[in-house]
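# Examination of the molecular architecture
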Amino acid sequence: MLATRIMIVEDEVVIAMDIRNQLEDFGYNVVASAISGGQAISEAAEHRPEIVIMDIVLRGAMDGITAAQTIVNSLHIPVIFLTAYSDPATLRRARGSGAYSYLIKPFRADELHACIEVALYKHQLERKLKESEQWFAKTLHCISDAVVATDADGKIRFMNPVAEILTGVPLEDAQGKLVTDIMTLVTQSDRTLVENPLPRALRTLSVTGLDSATILVTPSGREFPLDDGAAPILDDKGALLGAVLVFRDITQRCQIENLLRDSEERFHSAFDLAAIGMTLLAIDGRFLQVNSSLSQIFGYSEKELLTMNLHKLTQDGESNVLLNYHLRQLISDALASFQFEVECIHKTAGKPVWALLSGSLVRNTAGEPQYFIIQIQDITERKYMEQQLIYIANHDPLTGLLNRQQFHTRLSDALSSSRRHDNKLALMFLDLDRFKLINDTLGHRIGDLLLEAVGDRLKISVRTNDTLARLGGDEFIVLLGDIDDIDNVARIAQKTIELLTQPFSLEGNDIVITASIGISIFPDDGENGQTLMMNADSAMYLAKERGKNNYQFYTLAMTERSLERMTIERGLRYALTHHELRLHYQPQIEAATGRTVSVEALVRWQHPEWGLVYPDRFIAVAEETGLIVPIGLWVLRTACLQAKVWQEEHDSLFTQVAVNVSARQFLETDLFQAIKEVLAETGLDPSCLELEITESAVMEDPERTLNVLHQLHELGVRLSIDDFGTGYSSLTYLRQFPVHSVKIDRSFVQNIPSDKGSMALVRAVIALAHELELEVTAEGVETEAQMAFLQNQQSDRLQGYLFSKPASASQLETDFQPAAMKALLLGRR
């Protein structure tokens, strides 16, 4: 902060130096000094100090009082007198100079300091007051309203130029007169006298105004409508000082209001009598005003509509999005108006209303949005006719399915989408077998009814997002979009064939038909619609050559693969009910002691023709079809029963049994309840059961899985993450899940010790699991080198062909030698 600048005027040099020292000790900045009145004026004009310390007696003809008058009046700088003179004449002269203070020599330093600060503060207040008075005066002169101020008796003290012009009386003539002397107020309706609001404000000490349309009559006889108001002026203690009256000539406003009133009357006549629906819509979508035509269109009364908004009358979210977009375009000036068709809601449920909706925006004089003008024309009948024409143009008149032309359009669009998203799609070309015979024997009417019924059944067999069409005659085609598994196409084709073979009852005739289906896949069997349809047609003829009532893929390999999948599915269903499933068990060895601690239950299928079938051939089909759920329950029950037998009859040959659980079992069953019931049924202690869950099963629905696992953990069942490292490897969930162990997949173990990467990964998994206080089981151990590495890395359990291949329960009881396992594991130590 800058120091206050001071100038000293003193003809005694020693005294001047002493004053300077005192001032500088207080932190002031002495910017100049003078010894005469003339020099004081000159130095003050040059340096512009904030305050002047002035002696009265100075050298030369001009004393300090005269110099002070010039400095105060011309330069507006405060002056403090320092003098040894205090006689009445000198004091009178000093007071007239406008000085801010007067100190008698000798004085104390603190007196001088206080005197300076008081003078500075007083000068600052005076400057602010003067600025405020100037601002107020300028404001009153510049405002467009007339202002009259009076004293407490109602006599005029001030009028601004606008008041002088409107009343026709100059301020000098009006001062001292009552307001009623220069202003006469009469009502606009019957010209009766009206009391001026200013005397009423003085009398009631409250703000007052005019209660009705009023005319001012000036002393010269000029008349004009006005709007005015008055308020009392009170001091801080509430004492009345006067009052102020503010008024304006509203002649132009009245003219505009009259024009506007006429315009509004014309607008409302056109609005209310319009043949189309019209509404004034608030910026937020509320109805502000509606006409009778709008009520007729939507079935709501005008009163009901005024409680609603336009968005509630549109049919769906997409229409609301479109409406909001156009309204925003009007507000942003991107559009001057808009028009679009939209489906709306009638008060009567189920009655459609199509409307042509037009809109524009009304702004005020400042350009701010005020409301929308919306016109709504009922085009329901026209829209219905258009839709009928479109439907006829795009659909088969007999079955109501898409026709050939529209199917080609859909196919073209689907191919473009599949190319963009790198998806597959399939075409199923279907032809009824021996349809001509039915036409020839039962007549074309029955033939047409049959085609209609076939179309209805085909609608049931395909998915909702697929496209079904009749190409002509007895040929139908289905477009299956977004195919992620070719087997699903085969399943749909088989379902379609089975559905069509069920008898049709038509006018007393029970008709049984079959169908041949040809299938082509994009992009495998063609890059364009024409090629795909041609190849599907070829595949359909191949189906007819192979006995009809079947489906064929254009690619033979696909046909064979899909047939095998279907065979496996049917075979598995049979195997479940005819006891063809078997369990084999593979021991798990404790690496530190060589003790056999558990066995893993592994399902096999004893097929009457194929022999013993391993899971890699049928588990995927079981997962896809949901058969894994009953298979998994059978495995669980059988394994628990066997473990209980071993515990009771073979001196705890194996203390635990491990059972694999698939992701499908978590998603489709109450897994916890099923396991609880099996344990109760078999009498196996929960601690003797270990469930092996793959990482993919864990991550299928982590929240649901976590809940089930906590229930199983509380029951006492051991939990293990199977094939660890091949799935999502979510360490976050691994920490959250109440698992006891992890199982390293055989794909990492089989490359030990030749692959350093596999060794590093296994080493890291074991270290991580132990850090999380989890046991580690390594499966797929086939060599002693692998065993030695895993022992060195402190894997807790080992499993693999080195110890035993999976075998039936009876084979294990006969052939497995626990002592040999101990010798093998402990012999290398």
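Look a little higher up for the structure.
Okay, so let's go over this structure. None of the values given here were measured: they were computed from a predicted structure.

Okay, the overall build of the chain next. If you tally the helices and strands in the chain, you get 32 helices and 33 strands. Counting only C-alpha atoms and orienting by the principal axes, one finds that the chain spans roughly 140 × 90 × 50 Å. A buried classification covers 46% of the 829 residues belonging to the chain. At a minimum sequence separation of 6, the contacts of the chain that also span at least 24 residues come to 60%. Looking at the chain as shown, the accessible area adds up to about 42000 Å², and 52% of this sits on carbon and sulfur atoms. The average position of the 76 basic charges and that of the 113 acidic charges among the side chains of the chain differ by 1 Å.

Attention now moves to the sheet that holds strand β15 (residues 337-345). Across the sheet, which stays open at both edges, the five strands sit in the order β14-β13-β17-β16-β15 with antiparallel pairing between neighbours. Every other strand in the sheet has two partners, leaving β14 (287-290) and β15 as the edge strands with one partner each. Taken pair by pair, the neighbouring strands of this sheet meet at an average axis angle of 30°, ignoring direction. As defined by bridge partners, strand β13 (residues 277-281) adjoins β14 across three bridges and the pair is classed as antiparallel. Paired with leucine 281 across the two strands is phenylalanine 287, which belongs to β14. Across the face of the sheet, helix α13 (residues 317-331) comes into contact with β15, β16 (352-363) and β17 (369-378) while running at roughly 155° to β15. Helix α14 (residues 380-394) contacts β15, β16 and β17 of the sheet and is inclined by roughly 125° relative to β16.

What follows covers the nonpolar core. Tyr585, Val657, Leu689, Leu691, Leu712, Leu790 and Leu798 are the most contacted members of the largest nonpolar core, which totals 79 residues. No other element matches the nine residues that helix α22 (residues 628-649) contributes to this core. Those residues in contact with valine 657 that lie beyond four places of it in its chain are Tyr585, Ser598, Val599, Ala601, Ala639, Ala643, Leu684, Cys688, Leu689 and Glu690. Grouped together as the second largest cluster of nonpolar side chains are 37 residues, Leu451, Ile483, Ile497 and Leu506 included.

Attention now goes to the pattern of salt bridges. Counting across every chain of the model gives 37 salt bridges. Glutamate 341 is the partner of arginine 382 in a salt bridge, and the nearest nitrogen-oxygen pair spans 2.2 Å. Of this pair, arginine 382 sits in helix α14 while glutamate 341 sits in strand β15, placing them 41 residues apart in sequence. When its relative accessible area of 37% is taken as the criterion, arginine 382 is described as partly exposed. Measuring nitrogen to oxygen at the nearest pair gives 2.9 Å for the salt bridge that ties lysine 436 to aspartate 440. Residue lysine 436 and its partner aspartate 440 are both found in helix α16 (residues 435-442); the two are separated by four residues, about one turn of the helix. Aspartate 440 sits in the exposed class, given a relative accessible area of 52%. Here the residues in one salt-bridge network are Glu600, Glu692, Lys743, Arg746 and Glu779, joined through shared partners.

So, about the side chain of arginine 797. With respect to the secondary-structure elements, arginine 797 resides in strand β33 (residues 797-799). Arginine 797 sits in the buried class, given a relative accessible area of 8%. Beyond its immediate stretch of four places on either side in the chain, arginine 797 contacts Gln588, Ile589, Ala591, Val597, Ser598, Gln656, Glu690, Arg718, Glu775, Val776, Thr777 and Ala778.

Take helix α17 (residues 444-461) next. Over its 18 residues, α17 runs 25 Å from end to end, which matches the ideal 26 Å to within 8%, given 1.5 Å per residue. Taken together, the buried positions of α17 are Ile446, Gly447, Leu450, Leu451, Ala453, Val454, Gly455, Arg457, Leu458 and Ser461.

Within the secondary structure layout, valine 290 lies in strand β14. Linking valine 290 and aspartate 11, residues 279 residues apart in sequence, is a C-alpha distance of 92 Å.

We now examine helix α19 (residues 529-545). The terminal C-alpha atoms of α19 lie 24 Å apart, and with 17 residues this matches the ideal 24 Å at 1.5 Å per residue to within 8%. Within the span of α19, buried status applies to Gly529, Leu532, Met533, Asn535, Ala536, Ala539, Met540, Ala543 and Lys544. Tucked into the core, α19 has its buried residues touching α15 (404-421), β18 (424-432), β19 (467-472), β20 (475-483), β23 (515-522) and β24 (551-553). For α19, the N-terminal cap is asparagine 528; the gap from its side-chain oxygen to the backbone nitrogen of glutamine 530 is 3.3 Å. Where α19 ends, the next residue or the one after it, glycine 547, has phi of about 105°, a positive value.

We now examine the sheet that holds strand β3 (residues 51-54). Overall, parallel pairing links the five strands, which are arranged β2-β1-β3-β4-β5 in an open sheet. The sheet is open, and its two borders are formed by β2 (29-34) and β5 (101-104), each paired with just one other strand. For this sheet the average axis-to-axis angle between neighbouring strands, irrespective of direction, equals 20°. Contacting β1 (5-9), β2, β3 and β4 (79-83), helix α1 (residues 13-25) crosses the sheet at an angle of about 165° to β1. Helix α2 (residues 37-47) contacts β1, β2 and β3 of the sheet and is inclined by roughly 145° relative to β2.

What follows concerns the pairing of strand β25 (residues 581-590). Burial within β25 is extensive, with eight of its ten residues counted as buried. If you look at the hairpin formed by β25 and strand β26 (residues 596-607), you'll find five residues sitting between the two strands, and glycine 594 has a positive phi there, around 75°. As defined by bridge partners, β25 adjoins β33 across two bridges and the pair is classed as antiparallel. What sits directly across from glutamate 590, in β33, is arginine 797.

All told, the structure shown has seven aromatic pairs when counted by the stated rule. Geometrically, the ring pair formed by tyrosine 585 and tryptophan 646 is edge-to-face, given 5.1 Å between the ring centres and 70° between the ring planes. Taken together, the residues tyrosine 585 in strand β25 and tryptophan 646 in helix α22 connect sequence positions 61 residues apart. In this structure tyrosine 585 comes out as buried when scored by relative accessible area, which is 2%. Aromatic ring contacts, followed pair by pair, group Tyr585, Trp646, Phe654 and Phe816 into a single cluster. It is lysine 383 that lies over the ring of tryptophan 354; its NZ or CZ is 4.6 Å from the centre. Between the NZ or CZ atom of arginine 457 and the centre of the ring of phenylalanine 504, over which it lies, the distance is 3.6 Å.

Right, let's talk about the state of the cysteines for a bit. On inspection of all chains with the given rule, the structure shows zero disulfides. With no disulfide partner, cysteine 640 has as its closest neighbouring cysteine sulfur the one in cysteine 688, 9.5 Å distant. Classification of cysteine 640 as buried rests on a relative accessible area of 0%.

So, on to the pairing of β1. Extensive coverage of β1 is indicated by the burial of four of its five residues. Where β1 and β2 come together, five bridges link them in parallel fashion. Each residue of the ladder has a partner; that of valine 9, found in β2, is alanine 34. Between the parallel elements β1 and β2, the chain passes through α1 in a crossover that is right-handed. As judged from the four bridges shared by β1 and β3, these two strands associate in the parallel manner.

Cut-offs applied
Residues numbered from 1 in each chain as written. Predicted model: local features only at pLDDT ≥ 70, side-chain atom pairs only at ≥ 80, totals over all residues. Heavy atoms only, no water. Helix = DSSP H or I, 4+ residues; strand = E, 2+ residues; numbered from the N terminus. Buried < 20%, exposed > 50% of the residue type's maximum accessible area, 1.4 Å probe, protein only. Contact = heavy atoms within 4.5 Å. Areas by Shrake-Rupley, 256 points an atom, 1.4 Å probe, with all protein chains shown as cover. Lys, Arg positive; Asp, Glu negative; His and termini not counted. Charge placed at Lys NZ, Arg CZ, Asp CG, Glu CD. Pairing = 2+ DSSP bridges. Axes fitted to C-alpha atoms, helices over the stretch in contact; angles between N-to-C directions. Core = buried A, V, L, I, M, F, W, Y, C linked by side-chain atoms within 4.5 Å. Salt bridge = Lys/Arg side-chain N within 4 Å of Asp/Glu carboxyl O. Expected span 1.5 Å × (residues − 1). Polar contact = N/O pair within 3.5 Å; in protein donor to acceptor, adjacent residues only side chain to side chain. Phe/Tyr/Trp six-rings, centres within 6.5 Å; stacked < 30°, edge-to-face > 60°. Lys NZ or Arg CZ within 6 Å of the ring centre and 35° of its normal. Disulfide = S-S within 2.5 Å. Right-handed = clockwise from strand over helix to strand, strands pointing away.

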